[in-house]
Structures are given as C-alpha cells and as structure tokens.
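Read off the chains here:
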Amino acid sequence: MFKNYFTIAIRNFWRNRVFAFINMAGLSIGISAALVIYLIVHYEFSFEKFQKDGGRIYRIVTNMHFPDNDFKNSGVPGPLPNAVRNEIPGIEESSAFWTADQTKVTIIENGETKVFKKQQRIIYADDHYFKLFPYKWLAGSPGNALNEPNQVVLTESRVKTYFPSVDISKAIGQTIIYNDTVKAALVGIVKDMDEITDFTFQEFISLPTYSEQLKHNNGWDEWGSVNSASQFFIKFKNKPDTAKSNKELAAVRKKHEKDAYLSTEHLLQPLSDIHFNADFDAFDQKKAHKPTLYGLIVIALFLLLLGCINFINLTTAQAAQRAKEIGIRKTMGSSRRNLVIQFLSETLLLTVCAAIISIILTPFILKLFSNFIPEGLHFDLLRQPHILIFIFLLVLVVSFLSGFYPAMVLSGYKPVLVLKNLAYANTSKSRRIWIRKTLTVSQFVIAQFFIIATIIVSKQIRFALNKDMGFRKNAIINFNAPYNYQHPDDKQFVLQQKLQAIPGIEKLSLAGEPPASISLAISTMKFNKDGKEIEATVQVKQADTNYFDLYRMKIIAGRNLQQSDTVREYLANEAYAKFLGYQNPADLVGKMINQGKNKIPIVGVLADFNTNSLHSKVGPLVYTCQARSHHTFSVLLSSNGKNTDGWKKTISQITSVWKEVYPEDDFSYTFFDKSIEAFYKTEQQTAQLMNWAAALSIIIGCLGLLGLVIYTTTQRTKEIGVRKVLGASVTQIVSLLSKDFIRLVIIAFIIVTPLAWWAMNKWLEDFAYRTTISWWVFAVTGFVMILIALLTLSIQTIRSATVNPVESLRTE
C-alpha cells in the first residue's frame, strides 16, 4: 500500500513539477531557518546544563544602592566567603576565586625561555574550586591542590602550549613564572572542558599565592570594597528558598559592615542565569540575550508558517485537477481514511525532500551568518543526535500542518458530483477560496511587518550613529599605555613626549577614557544648597588640559581644568547642574562638592554629551585631573592625510615610538568612531536578522503568489482567449488577472500598519533618544510590496495575455 502511495506521489510531483518545486522551495526555506535557529537557541540554553546539581549552585552577587541609581556587580567583598561559610546553614560546598586580567607568563624549559604575553583564562582559586566544579584529572590530585601558596593547576591544552616536548604525566613539578615575579609549581593537570560552559578557565593559581597582595592593593579584606574579579559560588545541600537566603546574606552583611555610606545587598544568582544576565558580568564571555532568542524562535515559526501556507494554497487550488482521481478511487471502494493517509504521505515525502535540502544548506548558512553564530556552535548529525530528533519531529509537524487541511478537502469530495464535474457546485468552493485568500493575506502581513521593522531598526541605527553626541568622533584613535598600579613608572609621559614630535598628530591627550566608552566609574557626591544636602550618584571621568579641545567639547561656563596629580577641582556637566537646581550653568561655578572630608570646587560646566549608547539618558557627571593615573591616549590624526596614506604613516610612526618605550608590549589601537558603532552591535545584528527575515518572507510569499497566478491563468485560459477575440488589450487582461491579488496585498498592508506601528514603538522605547516612525516608512513598504507583487504576477500574466487566442481556444 505504501509503495503504491509513493509511486502515485512521484507521478503527481512530476506531472506538476512547477508547483512541487514551489512547495519544496517554500518548505526548504522555512525548515532551514528553523534548523539554524534551533541550533542557536539549543546551544545558548545548554550552558551549564552538564553541571551536576546545577540547580543547587548559585553565585553571590552585589547590588549597590546609590541615591538615584543602582549599580550591579558580580563580585563580592573579600571577607564575605568566610563569613557566609561560617554563618549561613545548609551550604554543602563553596569556592572563592579571583579572575585575572591579561597576564605575562614565562616558561624556562631546557635552558630556553619562552614568554607568553597577555595570557587569558587565568584565575586564582581556593582549594574548594575543584570540589564544586568537577574536572577529570589527568595528573595530580584534587585533594591537595591549591591549598598552599605558589601552586598551579593547568588544563591539558595549556600544558601542551607551555611544555610541548614534555609528556603530560611528567609535567608535574614544572615551574611557571607569572608577571616576572611569582613562581608557581605545577601540581595538577585536568582535562579541558568539552561541555558548553562559561567556565573556560585554563590556569588555576592557588589563591594563597596572591592573598597578601590582593589585601594590600585591592581592598580584599574590606567589606566596603567590591571588585567584579572577586567571585564566590556556593552549592546548597537542598534547593534553597532564595528569598530566605537573601535575607540571611543581608544579616551577614549588616553584622560585619560598620560604616557603610551606601546601601549594599548581596543576592543569589542561579548558575543557569549567568550566561544570560549582562547586569552581572565577570567572565569576559559573550552573553546571550533571551529576548533575541525568543525573537529568533518567532521568526522561525513565521517562516515555517509561510511555507505551510504556500503548500495549503497551491494544493487546494489544484484540487479540481485530482477530483476525478478521487471520485474513481471512492467508487472503487477506497475509504476517506485511506485517501487522507495517501495525501498526508505525499506531503510527508515532499517535506522529507525539503528537510534533506535544508540539511545540505545548513553548513553554508552557518558560514554565511558566522558573525551572528556563537563560536562554539557546531553542526554534526552523528555527534549531535538531538538534531536528528528535532528534524524528525519538525518534518512530522510540518507535514501535518501543511497536509491535513488539503487532505481533508480532497478526500471529502462526493463521487457522484465529481464524476458529473459538479465537485465545485456548492458553497465549499467559495469557502476554500476565502480560506486561500485569508492565508495569502497572512503571508503578506508577515512579509510587510518584517519590511517595516527592517526600515525602522536601520533608521534608528543611522540616527544613533549620526546624532551629534556632543563631541568629535572622527579621525581619533585611542590606545592604552601599560600601567602598573602597584609600581607606577611614569613611562606614559615619556611616550607622550615622543608622540608630540610626530608631525601627523594634530592633537594629543593623555587622560582617562574617551567621552563615550563602556567603562564606568561612579561616586556618591554631596552638595549643600540653601542648607539642604543633595546627594547624587555621579559619573567621574579623567581629563588633561588638551582633552576637551581635542574632542571639541564645549565648556559653557567657567574654565578648563588645570593639570594636577590629585583631585583639586571638577568640571560638571549641564545635567548635574540642573539636578542640583541651577538652570543657569554659570551659577554653579565656584560652588563646592562634598566628597568625604574634602570640599572640591566646581570650576566650569560642560555642555551635555552622551557617555554611552542612546539607550541611556545623560546623567550627572564630573571631570577631574589625576595626571599620574592617566594612561589612555587620544590622538587626533592630521586631516591632511585623510585621503592619502598619511594616517597609515602616522600610525606606523606611533607604533615605532611605542616599541621604543614599551619593547615587550604589542601596540594596539581603536578608532573612536568604531568604538561608538560597537555600542549598537545588538541592534546591527537585529537589523541584519530583519533583513534576512524580510527577504525570505518575501521570497516565500512571492513563490506562493506565482504558484497561484500560474494556476489561475491556466484555469482561465479559454476566458483569456475569448476576451482577446472580443478586443481586450494585453494591459486589460493583465489588470484583470492581477487585481484580485493586488487587492490582497493592500488588505495585508491595512492590517499590518497599526500592528507594526505599535510593535516598533515598543521597541524604540528602549532608547532614551530615538528616531521617529515616519509616514514614509509605511508608504515605502506598501509601494515596494505592491511593486514586488506586480513583478511576480507579471511573470505569468503577461505571458498568458500575449498568447495567440487561437491557441487558447484550442485548449479544450
């Protein structure tokens, strides 16, 4: 029986090759999109799933409440771990560790010295780390690792990097030198994590190695000091009541913190939340964005729906061609159940072919979208059986959604009416046409929504990149000089003097971060006005005397900062002046800010500028000068070299000077305008996603439209011939054949306009400064969609309208 179904399906597909191709193309696009999106979503939601008892593992994080703002930090004060271990019940295991910045590593092997600059994925961990996060040990023992100073555990890959000529089993005992001063003995080797995780550390230095230095230099033992590098994880014996545990953490902090000038609370963050929560970032890993993932799922569902709609429309439109076959089968004794199974089998076969095409296309799609695809994502059917399960279920669901309604329609024909050519002589014909029109309208609603969304997202990105942010962005490069906080050497000033001699540098500043950056330093400042104390969270930035001129930032009242090694004065922005109640900026000049026991004068007021993306409003800010802590260079390149190789020559000269001052450090720089573009990476990815979603939805919609118009013109061949004989022009016939379809596009436009306006308004609410949703966005969308529909229809309508009427009237 199934062999017979298969044979009939193949013959039917071959007889209607064009429609089979259109159906297969639409389903292939939908299944391909669904498969790629499934790979992304599955990968992102798989982080830390392998961790045993992951549901009982939490990270303790910090939320600091300032007067007008909250500041979230993934770190904890140094004394907190021991206090929690001693005072909070129900903890099975815990581990404190400190994440390291780029670290210099020196290896001496067989008399040869190897230096690895800026090594990453290094932490200083206590001896509980490997108890909380189990690794497979290749050498050494977790029982006595990391409990003494000057010990280190490496992953297998890092051992091969450092000691390529030494067998792993014999590498134990080798010495590794960190930052030229700290020697550590290799006491253990663990296998690299193969699972999907953010815990990709490769070197584990014992925490006692640096404990004294951490206490001295980073406020490690102070309750009032919180650093995001200081991480603390705990595993409870049972699933905890997080609200109760958070209250216990509050009690611990209240007991130990004596003189806090701000309210700080510690909270439990589930292990499963770390990969998605950008508020508490510490591992320098790319965070997943849940709303984006949910958006991807919606797009996949829409594209699948479009492919299914195409199949339903074309199959029901062709129903009359198979009516006699169905009538004869029923007359010969075939049941409706058998017919339904046959038609569903045909749908299943077509869907399987579409799925095979999608599997072939997936690796190419992953390469095409490499900027959007997570680095660790791989497509391997043999090693990832869950993909095969997903494809199997997807094929079944798509086959059912696409084939069930057409199967019920086709199998419902009555043999007597069919054999008398009266299969359509009832209200079911108009009902089926109404359903086809509804489905077609739905297709173009989705397509036009994506077009409108694409235009508005792109419009907002252009608005953000072209908006005057209050400073110069172009022709500026930024780079940081190496800075030793423990032992400042002032080499940055030597570099500054040498750079000033380069003719291609128009202006030079050695200060803090550029006006807009991802770095953030804040402080609580108090201001007395008319006997009333005003407290605010204020962003603090560093500048030298050249900074504001280089960035063309306007000082609207008072004067520039004077060069100083200590905080002696502030330049405030307009937002801070208004926050303090001064509408005239000049009235703030000369007033004092209370910071601790010190009173710092405000010597000038800056015009407001954006310090971050346009998602955030301009808030209170001050600039000061602490010259010895400055290590960020801002270089304005000469405009004379803008259209030549002048910039390259200047940067080459900067590199040469850099090597003279810092021979062991590589030179790297960024263009300031590119740094600002990076603020909108998520929006740019959204725009790219919308572009493809719009394009694919238009392609699927147009394929369906083409299939329907081919069917319509075939059914009306004799009518077209008669009209031409009676004098109808090609234009009139094309108009006659197209108007019903264009009407559907217009109806879709009327439906989608308010929906898209509402949805994009909600999206734009995330921006403090945003573009407007102009009327022309909808006008362009409607015009483009009608134009595309006309072009698609014209492929067949013009051809049909130009056929010799003699040939048309011969068709019967």
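Residues numbered from 1 in each chain as written. Predicted model: local features only at pLDDT ≥ 70, side-chain atom pairs only at ≥ 80, totals over all residues. Heavy atoms only, no water.

A. Inspection of the overall build of the chain at higher detail. Along its length, the chain carries 23 helices and 24 strands. Across the 812 residues that make up the chain, the buried fraction comes to 50%. Within the chain, counting contacts between residues at least 6 apart in sequence, those at least 24 apart form 80% of the total. (Helix = DSSP H or I, 4+ residues; strand = E, 2+ residues; numbered from the N terminus. Buried < 20%, exposed > 50% of the residue type's maximum accessible area, 1.4 Å probe, protein only. Contact = heavy atoms within 4.5 Å.)

B. Geometry of the packing of aromatic side chains. Throughout the structure, instances matching the rule amount to 45 aromatic pairs. For the pair phenylalanine 130 and tyrosine 135, a centre-to-centre distance of 5.4 Å together with 80° between the ring planes defines the contact as edge-to-face. On the basis of relative accessibility, which here comes to 11%, the residue tyrosine 135 falls in the buried class. Ring geometry for phenylalanine 479 and tryptophan 658: centres 6.0 Å apart, planes at 85°, overall edge-to-face. In this pair, phenylalanine 479 sits in strand S14 (residues 476-480) while tryptophan 658 sits in helix H17 (residues 646-661), placing the two residues 179 residues apart along the sequence. Here phenylalanine 479 matches tryptophan 658 in class, with each residue buried. By the ring-pair criterion, three or more aromatic residues cluster together here, those being Phe97, Tyr129, Phe130, Phe133, Tyr135, Trp137, Phe199, Phe201, Phe204 and Phe233. The ring of tyrosine 769 is capped by lysine 467, whose NZ or CZ atom sits 5.1 Å from the centre of that ring. (Phe/Tyr/Trp six-rings, centres within 6.5 Å; stacked < 30°, edge-to-face > 60°. Lys NZ or Arg CZ within 6 Å of the ring centre and 35° of its normal.)

C. Geometry of a nonpolar patch on the surface. Together, Leu348, Val352, Ile356, Ile357, Ile360, Leu361, Phe364, Ile389, Phe392, Leu393 and Leu396 make up a nonpolar patch on the protein surface, roughly 990 Å² of accessible area in all. If you list the elements that add at least two residues to the nonpolar patch, you get helix H10 (336-368) and helix H11 (385-411). In terms of residue count, the dominant contributor to the nonpolar patch is H10 (seven residues). Along the chain, the position of leucine 361 falls in helix H10. (Patch = residues over 30% accessible without salt bridge, like charges linked within 9 Å, V, L, I, M, F, W, Y side chains within 5 Å. Areas by Shrake-Rupley, 256 points an atom, 1.4 Å probe, with all protein chains shown as cover. Salt bridge = Lys/Arg side-chain N within 4 Å of Asp/Glu carboxyl O.)

D. A look at the sheet that holds S14. The strand order S15-S23-S14-S24 describes an open sheet built from four strands, whose pairing is antiparallel. Across the chains shown, the open sheet's two edge strands, defined by having one partner strand only, are strand S15 (505-511) and strand S24 (670-671). For S14 and strand S23 (residues 632-637), the ladder comprises five bridges, and the chain directions are antiparallel. Pairing of asparagine 478 across the sheet is with serine 634, part of S23. Helix H14 (residues 491-499) rests against S14, S15 and S23 of the sheet, and its axis sits at about 170° to S15. Contacting S14, S15, S23 and S24, H17 runs over the sheet at an angle of about 15° to S14. (Pairing = 2+ DSSP bridges. Axes fitted to C-alpha atoms, helices over the stretch in contact; angles between N-to-C directions.)

E. Region of the structure containing the packing of H14 against H17. Packing of H14 against H17 brings their axes to within 10 Å, and their N-to-C directions diverge by 145°. In the crossing of H14 with H17, the sense of the turn from one axis to the other is right-handed. For the pair H14 and H17, contact is made by Lys491, Val494, Leu495, Lys498 and Leu499 and by Ile654, Val657, Trp658, Glu660 and Val661, respectively. Of the residues that constitute the contact of H14 with H17, the class distribution is seven nonpolar, no polar and three charged. (Left-handed = near helix turned anticlockwise from the far one by under 90°. Nonpolar A, V, L, I, M, F, W, Y, C, P; charged D, E, K, R; others polar.)

F. Looking closely at the environment of threonine 440. Considering the arrangement of structural elements, one finds threonine 440 in helix H13 (residues 427-466). The class for threonine 440 is buried, based on a relative accessible area of 2%. Sequence separation between threonine 440 and leucine 705 is 265 residues, and the spatial gap between their C-alpha atoms is 7.9 Å.

G. Molecular detail of unusual backbone geometry. Backbone geometry places arginine 121, a non-glycine residue, at a positive phi of 60°. Considering the arrangement of structural elements, one finds arginine 121 in the loop between strand S5 (112-119) and strand S6 (122-125). Phi at leucine 146 takes a positive value of approximately 70°, unusual for a residue other than glycine. Within the secondary structure, leucine 146 sits in the loop between strand S7 (137-140) and strand S8 (151-155).

H. Focus on the packing of helix H2 (residues 17-44) against H10. At a closest axis distance of 7 Å, the pairing of H2 and H10 adopts a crossing angle of 50°. Classed by the angle they form, the pair H2 and H10 counts as oblique. You can see that H2 and H10 cross each other, and the crossing is right-handed. Judged by residue contacts, Ala20, Asn23, Met24, Leu27, Ser28, Ile31, Ser32, Leu35, Val36 and Leu39 of H2 engage Leu350, Thr351, Cys353, Ala354, Ala355, Ile357, Ser358, Ile359, Leu361, Thr362, Ile365 and Leu366 from H10. Of the residues belonging to the contact of H2 with H10, the class tally is 16 nonpolar, six polar and no charged. (Parallel < 35°, antiparallel > 145°, perpendicular 65-115°, else oblique.)

I. H2, seen in detail. The terminal C-alpha atoms of H2 lie 40 Å apart, and with 28 residues this matches the ideal 40 Å at 1.5 Å per residue to within 8%. Here H2 lies mainly inside the structure; 23 of its 28 residues are buried. (Expected span 1.5 Å × (residues − 1).)

J. The confidence of the model for the chain, seen in detail. The predicted model of the chain averages 85 in pLDDT, with 90% of residues at 70 or higher. The secondary structure element of the chain with the lowest average pLDDT is helix H6 (residues 211-218), at 55, and the one with the highest is helix H15 (residues 547-550), at 96. (pLDDT = per-residue confidence, 0-100.)

K. The arrangement of the side chain of asparagine 478 in detail. Within the element layout of this structure, asparagine 478 appears in strand S14. Within the local environment of asparagine 478, its side chain forms a polar contact with the side chain of tyrosine 551, the two groups lying 3.0 Å apart. A polar side-chain atom of asparagine 478 sits 3.0 Å from a polar atom in the side chain of serine 634. Other than its neighbours up to four places away in sequence, asparagine 478 contacts Pro514, Tyr551, Phe633, Ser634, Tyr669, Thr670 and Phe672. (Polar contact = N/O pair within 3.5 Å; in protein donor to acceptor, adjacent residues only side chain to side chain.)

L. Just the pattern of salt bridges, in detail. Overall, the coordinates contain 19 salt bridges when judged by the stated rule. Its salt-bridge partner being aspartate 53, residue arginine 56 comes within 3.0 Å of it at the nearest N-O pair. Using a relative accessible area of 17% as the deciding quantity, one classes arginine 56 as buried. By relative accessible area, aspartate 53 is classed as partly exposed at 28%. As a salt-bridge pair, glutamate 156 and lysine 160 come within 3.5 Å of each other at their nearest N and O atoms. Of the two residues, glutamate 156 and lysine 160 are both situated in helix H5 (residues 156-162); the distance of four residues between them amounts to about one turn of the helix. Taken together, the shared-partner salt bridges in this structure form one network comprising Asp53, Arg56, Glu92 and Lys235.

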